[in-house]
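Here's the letter readout for the chains.
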Amino acid sequence: MTTLTPTELAAHLGQGLLSFPVTHFTVDLAVDEAAYRENIEWLGQYDAAGLFAAGGTGEFFSLTTPEVVQVVTAAVQSAPEGTPVLAPAGYGTRTAIELAQAAEAAGAAGILLFPPYLTEAGQEGLFQHVKAVCDATSLGVIIYNRANAIYSDVTVARLVEACPNLIGFKDGGGDVDQMTRIYSQIGDRLLYVGGLPTAEMFALPYLSLGLTTYSSAIFNFVPQFALDFYAAVRANDTDHVRTALNDFVIPYCNLRNQSAGYAVSIVKAGMTAIGRTAGPVRPPITDLTDSQLAELTDLVKKVS
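To start, this report covers the structure provided alongside it. Predicted model, so just to flag it, every value in this text is computed and none were measured.

## A short note on the environment of glycine 50
- Summarising the element assignment, glycine 50 is placed in strand 2 (residues 50-52).
- Judged by its relative accessible area of 0%, glycine 50 is buried.

Structure representation (structure tokens):
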């Protein structure tokens, strides 16, 4: 367990790469807690600034509320000392509050607040949703800007004023105009996290917009490559970044784009490719085909 104030947590997360581990399942799709714990310990050999348990890559969308708590608790207990664990909250506002409070009780250091489930909402509704969750926990909260939760710069400014424990903005929308407006108005009051699928594709151009870190799904199976890429981004080493994009990231994204839902499936396939299988994905997403897995395995060998 890592004890950090919300402000300290934001500063800590902004200094390194963020790990979003997969959630391990057995062949019959039950949570494989033992395998998950072992994998968290293995990933702990590599220096991530924070670990986001049961996030999007961890198939939050397919987990029951008790399973989310189970996975978060396992991560808190298995993560290396000094690595803060953040937990997900989402669905309706009341469920999000329950998940945030359960995460705090389990020893998580912060919350990643996912968009509300299914329904569209106006800016006032999004404001009320986030404020209710922030008010219900003392933990630092990062809002996830994507899908049906696209926050305007005005709404973000209101939330910053109303919620002292709102510490971050994770962008999964990819709207440069929106990010420019938010960063120009809010500045360094928030931590800005890159959250587009395969965030390495956007890491270098987004750095100028205040996004000093991002969620790395590939960290699951090529952790050293991911750390080296992040270091090159922070050092503005464009030659390293360009080579890594051409050698691995772009071909990887081309494979990922072959089916909806593969942003998660391909990560679990990557685990299989390095001999550390995490089991299948749960429906409604599907696993890669055998030929796609073979292609990915060959790609991983080039950078491992």
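Structure's up, so let's keep going.
## A short note on unusual backbone geometry
- In this chain, proline 283 is followed by proline 284 through a cis amide linkage whose omega measures 15°.
- For proline 284, the position within the fold is in the loop between helix 11 (262-273) and helix 12 (290-303).
- The phi dihedral of glutamate 59 is positive, around 60°, even though this residue is not glycine.
- What makes glutamate 59 buried here is its relative accessible area of 0%.
- Phi is positive for alanine 147, close to 50°, though the residue is something other than glycine.
- Position of alanine 147 relative to the elements: it lies in the loop between strand 5 (140-145) and helix 6 (153-162).

## Considering the pairing of strand 7 (residues 191-194)
- A two-sided burial pattern is seen for strand 7, the buried positions comprising Leu191 and Val193 on one face and Tyr192 and Gly194 on the other.
- Judged from the four bridges that link them, strand 6 (residues 166-171) and strand 7 form a sheet pairing that is parallel. Each bridged residue has a counterpart across the sheet, and for phenylalanine 169 the counterpart in strand 7 is tyrosine 192.
- Sheet topology places strand 7 next to strand 8 (residues 213-216); two bridges connect them, and they run parallel. Counterpart to glycine 194 in the pairing with strand 8 is tyrosine 214.

## Notes on the side chain of aspartate 171
- Of note, aspartate 171 is situated in strand 6.
- Among buried Asp, Glu, Lys and Arg side chains, aspartate 171 stands out as unpaired, with arginine 146 the closest opposite charge at 9.3 Å.
- One polar contact links the side chain of aspartate 171 to the main-chain amide nitrogen of glycine 174, over a distance of 3.1 Å.
- When neighbours within four sequence positions are excluded, aspartate 171 is seen to be in contact with Tyr144, Asn145, Gln178, Met179, Val193, Gly194, Gly195, Leu196 and Tyr206.

## Focus on the nonpolar core
- Counting 68 residues, the largest nonpolar core has Tyr151, Leu166 and Phe169 as the members making the most contacts within it.
- With six residues, helix 3 (residues 65-78) is the single largest residue contributor to this core.
- Once you skip the residues sitting within four places of it in the chain, tyrosine 151 turns out to touch Gln123, Leu126, Val130, Ile143, Tyr144, Asn145, Val156, Leu159, Phe169, Gln178 and Ile182.
- Listed in part, the 38 residues of the second largest apolar core include Phe229, Tyr230, Val233 and Leu299.

## Observations regarding the environment of arginine 234
- Relative to the assigned elements, arginine 234 resides in helix 9 (residues 223-234).
- On a C-alpha basis, the gap between arginine 234 and leucine 207 in space is 7.9 Å, while along the polypeptide they are 27 residues apart.
- Setting aside its immediate chain neighbours within four residues, arginine 234 contacts Gly14, Gln15, Leu207 and Thr212.
- A distance of 3.3 Å separates a polar side-chain atom of arginine 234 from the backbone oxygen of glycine 14.

## A short note on the layout of surface pockets
- If you add up the space inside the largest pocket, you get close to 870 Å³.
- Along its surface, the largest pocket is lined by 36 residues, and Gly56, Phe61, Phe114, Tyr144 and Arg146 are the ones closest to its centre.
- Contributing elements (two or more residues each) for the lining of the largest pocket: strand 8, helix 10 (238-256) and helix 11.
- Among the elements that line the lining of the largest pocket, the one with the most residues is helix 11, at three residues.
- Taken together, the residues of the lining of the largest pocket sort by class into 21 nonpolar, 11 polar and four charged.
- What the second largest pocket holds in volume is close to 190 Å³.

## Remarks on the side chain of asparagine 148
- Along the chain, asparagine 148 turns up in the loop between strand 5 and helix 6.
- A polar side-chain atom of asparagine 148 sits 2.9 Å from the main-chain carbonyl oxygen of proline 116.
- Sequence-distant contacts of asparagine 148, defined by excluding residues within four places in its chain, comprise Pro115, Pro116, Tyr117, Leu118, Thr119, Glu120 and Leu126.

## Considerations on the packing of helix 9 against helix 10
- Packing of helix 9 against helix 10 brings their axes to within 9 Å, and their N-to-C directions diverge by 145°. The handedness of the crossing between helix 9 and helix 10 comes out as left-handed. Every residue of helix 10 that contacts helix 9 at Phe225, Asp228, Phe229, Ala232 and Val233 is listed here: His240, Val241, Ala244, Leu245, Phe248 and Val249.

## Notes on helix 12
- The terminal C-alpha atoms of helix 12, which comprises 14 residues, lie 21 Å apart, in line with the 20 Å expected from a rise of 1.5 Å per residue.
- Taken together, the buried positions of helix 12 are Gln292, Leu296, Thr297, Leu299 and Val300. What you see down the axis of helix 12 is that its buried residues fit within an arc of 165°, all on one side. In helix 12, those exposed residues whose orientation departs by more than 90 degrees from the buried face are Asp290, Ser291, Lys301 and Lys302.
- Considering only its buried residues, helix 12 is in contact with helix 10 and helix 11.

Thresholds, definitions, all that
- Residues numbered from 1 in each chain as written.
- Predicted model: local features only at pLDDT ≥ 70, side-chain atom pairs only at ≥ 80, totals over all residues.
- Heavy atoms only, no water.
- Helix = DSSP H or I, 4+ residues; strand = E, 2+ residues; numbered from the N terminus.
- Buried < 20%, exposed > 50% of the residue type's maximum accessible area, 1.4 Å probe, protein only.
- Pairing = 2+ DSSP bridges.
- Lys, Arg positive; Asp, Glu negative; His and termini not counted.
- Salt bridge = Lys/Arg side-chain N within 4 Å of Asp/Glu carboxyl O.
- Polar contact = N/O pair within 3.5 Å; in protein donor to acceptor, adjacent residues only side chain to side chain.
- Contact = heavy atoms within 4.5 Å.
- Core = buried A, V, L, I, M, F, W, Y, C linked by side-chain atoms within 4.5 Å.
- 1 Å grid on protein atoms, 1.4 Å probe; cavity = no way out; pocket = protein on both sides within 12 Å on 5 of 7 lines; lining within 4 Å.
- Points joined across faces, edges and corners; volume = space filled by probe spheres on them.
- Nonpolar A, V, L, I, M, F, W, Y, C, P; charged D, E, K, R; others polar.
- Axes fitted to C-alpha atoms, helices over the stretch in contact; angles between N-to-C directions.
- Left-handed = near helix turned anticlockwise from the far one by under 90°.
- Expected span 1.5 Å × (residues − 1).
- Arc of directions from axis to C-beta.

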